[in-house]
Amino acid sequence: MSKLVTVYGGSGFVGRYITRRLAAGGWRVRVAVRRPNEAMFVRPYGAVGQVEPVLCNIRDDASVDAVMHGADAVVNCVGILSEMGKNEFDSVQAEGAERVARLAAANGIPRMVHVSAIGADADAASAYSRTKAEGEAGVLAHMPNAIILRPSVIFGPEDQFFNRFAAMTRMGPFLPLVGAETRFQPVYVDDVAQAAVKGVLGQAAPGTYELGGPEVATFRALMQQMLDVIHRRRVILSVPFFAARIMAGVLDILKFVSFQLFPNNILTRDQLKNLARDNAVADDAKGFAELGIRPTALEAVLPEYLWKYRPNGQYDDIQNSAQNLRS
């Protein structure tokens, strides 16, 4: 019988790619999510019954334990970018990660892969980064041989980075950026999934791996590259941090006084703290080289999913060619 793996958050942006790769490798996959009915799209990743979404709340011991029974490995890729309702940084990224590792150890599961983030730091000003570090510590306390992956900003068809800013270019001639000179090392989502699968298969030594693509660039340079791909000219405006703090504070207050009826999906004070720090692989960190993976370049992937933001969508190149012929 094929081996079984439980992937917590297996229908999310990163999780679905991990699930697809594991299914292609013959594993049976339990996709542990809060809303299984919204995760049915993962079932065709494998044969009938090979990939199954199951109900799980990472904040609850019994729920996490139930879906890992009989598993040969577990992968945790649950994370949040901003807090909403009971899904707070502490409960999801710190306590939730520790819970998965503790119960995996109690069930005698030999392998665990945990997806964290570059910038995880117990002393960070940002609650996001601080709880990522606390989650890592909790994982290693119970599963000292775990594989911890720390990706930089992740790009791919479903990302919330390039898609978000490409959509903003439709709204006017300006593209405002906070932290325009902050450096990032974007990493392709399927490369992160490949690293996770190596961990599940035991093809990676235990430890922490920082994952970044082949290029490091400022936020401004990345947005200019995106603009080139979508064939749009926009003025990139660097928003000063003092102005961004005022805006983020107002948006956070509005979320609070409205009892979260108006969620802050634009810019939070916590996100602002992260934008003030570079997000690239450390010089002394283990990474893709130690995993035997050659990371994918931005220019190889961005045109495949950002074409829809071009002025004429998929027909933009044809339109431009026709104009050249007429001239």
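Structure shown above.
Quick caveat: nothing in here was measured; it's all calculated off a predicted structure.

A. Inspection of the packing of aromatic side chains at higher detail. Taken as a whole and judged by the stated rule, the model has 10 aromatic pairs. Both rings, one in Phe 13 and one in Tyr 17, keep their centres 6.4 Å apart while their planes meet at 90 degrees; by these two values the pair is edge-to-face. For Tyr 17, a relative accessible area of 6% puts it in the buried group. Through a chain of ring-to-ring contacts, the aromatic side chains of Phe 155, Phe 161, Phe 162, Phe 165, Phe 184, Tyr 188 and Phe 219 assemble into a single cluster. Over the face of the ring belonging to Tyr 17 we find Arg 20, whose NZ or CZ atom lies 5.1 Å from the ring centre.

B. Up close: the nonpolar core. Ile 18, Leu 22, Phe 162, Leu 211, Met 223, Met 226 and Leu 306 are the most contacted members of the largest nonpolar core, which totals 69 residues. Examining the composition of this core, we find that seven residues originate from one element, helix H6 (residues 189-200), more than from any other. Non-local contacts of Met 223, meaning those with residues more than four positions away in its chain, are made with Phe 161, Phe 162, Phe 165, Leu 175, Leu 177 and Ile 236. With 20 residues, the next largest nonpolar core counts Ala 32, Val 67, Val 100 and Val 139 among its residues.

C. The arrangement of helix H4 (residues 127-142) in detail. Relative to the 22 Å expected for 16 residues at 1.5 Å per residue, H4 spans 23 Å between its end C-alpha atoms, a close match to the ideal helical length. Listed in full, the buried residues belonging to H4 are Ala 127, Tyr 128, Ser 129, Thr 131, Lys 132, Ala 133, Gly 135, Glu 136, Gly 138 and Val 139. Buried residues along H4 sit against helix H3 (89-106), strand S5 (111-115), strand S6 (147-151) and helix H9 (269-275). At the N-terminal boundary of H4, the capping side chain belongs to Ser 126, with an oxygen 3.2 Å from the backbone nitrogen of Tyr 128.

D. A look at the pairing of strand S11 (residues 207-211). Buried residues dominate S11, accounting for four of its five residues. For S6 and S11, the ladder comprises five bridges, and the chain directions are parallel. Across the sheet, the residue bridging to Ile 148 is Thr 208, located in S11.

E. Spatial organisation of the pattern of salt bridges. This model, assessed by the stated rule, comprises 10 salt bridges. Between Asp 190 and Arg 21 there is a salt bridge, with its nearest N and O atoms 3.0 Å apart. Of the two residues, Asp 190 is situated in helix H6 and Arg 21 in helix H1 (residues 15-24); the sequence distance between them amounts to 169 residues. Through salt bridges with shared partners, a single network forms among Asp 61, Glu 98, Arg 99 and Arg 102.

F. Region of interest: a nonpolar patch on the surface. Together, Ile 253, Leu 254, Phe 256, Val 257, Leu 261 and Phe 262 make up a nonpolar patch on the protein surface, roughly 680 Å² of accessible area in all. By the secondary structure assignment, Val 257 is in helix H8 (residues 241-257).

G. View of the sheet that holds S5. Read across the sheet, seven strands follow the order S3-S2-S1-S4-S5-S6-S11 without closing on themselves; strand pairing throughout is parallel. Edge positions in the open sheet fall to strand S3 (51-55) and S11, since each of these has one partner strand only. Taking the axes of each pair of neighbouring strands and ignoring which way they run, one obtains an average angle of 20 degrees across the sheet. Examined bridge by bridge, strand S1 (residues 4-8) and strand S4 (residues 73-76) share four bridges and lie parallel to one another. When the bridges of S4 are listed, Val 5 appears paired with Ala 73.

The rules we used
- Residues numbered from 1 in each chain as written.
- Predicted model: local features only at pLDDT ≥ 70, side-chain atom pairs only at ≥ 80, totals over all residues.
- Heavy atoms only, no water.
- Phe/Tyr/Trp six-rings, centres within 6.5 Å; stacked < 30°, edge-to-face > 60°.
- Buried < 20%, exposed > 50% of the residue type's maximum accessible area, 1.4 Å probe, protein only.
- Lys NZ or Arg CZ within 6 Å of the ring centre and 35° of its normal.
- Core = buried A, V, L, I, M, F, W, Y, C linked by side-chain atoms within 4.5 Å.
- Helix = DSSP H or I, 4+ residues; strand = E, 2+ residues; numbered from the N terminus.
- Contact = heavy atoms within 4.5 Å.
- Expected span 1.5 Å × (residues − 1).
- Polar contact = N/O pair within 3.5 Å; in protein donor to acceptor, adjacent residues only side chain to side chain.
- Pairing = 2+ DSSP bridges.
- Salt bridge = Lys/Arg side-chain N within 4 Å of Asp/Glu carboxyl O.
- Patch = residues over 30% accessible without salt bridge, like charges linked within 9 Å, V, L, I, M, F, W, Y side chains within 5 Å.
- Areas by Shrake-Rupley, 256 points an atom, 1.4 Å probe, with all protein chains shown as cover.
- Axes fitted to C-alpha atoms, helices over the stretch in contact; angles between N-to-C directions.

Such coordinate-based values are descriptive only and should not be taken to indicate function.
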